[in-house]
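# Commentary on secondary and tertiary structure
So you can see what is in the structure, the chains are spelled out below.
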Amino acid sequence: MFKSLCFPGIFIFIITCIFSGDVFAQAERPSFGVGVIIGEPTGVSVKKYLNTRGAFDIGAAWSLADQNEALHLHTNLLFQDGITKNPNLYFYHGVGARVLFANDAKFGIRAPLGLAYLFPNIPFDLFVEIAPILDLTPDIGFAGNGGFGFRYYF
């Protein structure tokens, strides 16, 4: 029964986060970025700012861990906090979901932690992130993701 609820649950989570952006005030920075994440997994990263302290991201990447190449999709709701007097450097943390389409497909909960720098004069950011994962299917277990990347903002 849990497997039948995974995909509708992810779909509802994504739709809720996308449309909740209209409720928040727009951020002063560019609000929609597309880029690359390199690490485990490696692929495309998309980020949408909801306001100056919140964002939503999606990753579509290829996981090469454990010699089981697989498509990896994740989505997160992120909360951002400045860590210095520089408003362009911030720490972020959040919660989200991950689906790994391998021989035994896995669904898990992610808890990303990262550091990002948004350049002040160009719509470009650099980030580094780790994300512990609690896999819920097919068996309960722990995993992790990590990498660095960049995004261009529109």
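Before any of the text, the structure's been laid out above.
Bear in mind that the values here come from a model prediction, so they are computed numbers and not experimental data.

Before going further, it helps to examine the overall build of the protein. Within the protein, the secondary structure is distributed over 1 helix and 9 strands. For the protein, the sequential pattern of α-helices and β-strands runs α-β-β-β-β-β-β-β-β-β. Taken over 154 residues, the protein has a buried fraction of 38%. Residue pairs in contact within the protein that sit at least 24 positions apart in sequence constitute 48% of those at least 6 positions apart. About 8,500 Å² of surface is accessible on the protein, with carbon and sulfur atoms providing 70% of the total.

The next subject is the nonpolar core. Counting 10 residues, the largest nonpolar core is built from Ile-37, Tyr-49, Ala-55, Leu-78, Tyr-90, Tyr-92, Ala-116, Leu-118, Phe-127 and Tyr-153. When residues of this core are traced back to their parent elements, those giving at least two are strand E5 (89-101) and strand E7 (113-118).

So, about the side chain of Thr-75. Note that Thr-75 resides in strand E4 (residues 70-82). Looking at Thr-75, its side chain comes within polar contact range of the main-chain oxygen of Asp-57, at 3.3 Å.

This part takes up empty space enclosed by the protein. One way to see where empty space is left: roll a probe the size of a water molecule over the atoms. Taken as a whole, this structure holds 1 cavity of 30 Å³ or more when the rule is applied. For the largest cavity, the calculated volume is near 40 Å³. Secondary-structure elements contributing two or more residues to the lining of the largest cavity are strand E2 (42-49), strand E3 (54-63) and strand E8 (124-137). The residue makeup of the lining of the largest cavity, split by class, is 3 nonpolar, 3 polar and 3 charged.

The rules behind each value
Residues numbered from 1 in each chain as written. Predicted model: local features only at pLDDT ≥ 70, side-chain atom pairs only at ≥ 80, totals over all residues. Heavy atoms only, no water. Helix = DSSP H or I, 4+ residues; strand = E, 2+ residues; numbered from the N terminus. Buried < 20%, exposed > 50% of the residue type's maximum accessible area, 1.4 Å probe, protein only. Contact = heavy atoms within 4.5 Å. Areas by Shrake-Rupley, 256 points an atom, 1.4 Å probe, with all protein chains shown as cover. Core = buried A, V, L, I, M, F, W, Y, C linked by side-chain atoms within 4.5 Å. Polar contact = N/O pair within 3.5 Å; in protein donor to acceptor, adjacent residues only side chain to side chain. 1 Å grid on protein atoms, 1.4 Å probe; cavity = no way out; pocket = protein on both sides within 12 Å on 5 of 7 lines; lining within 4 Å. Points joined across faces, edges and corners; volume = space filled by probe spheres on them. Nonpolar A, V, L, I, M, F, W, Y, C, P; charged D, E, K, R; others polar.

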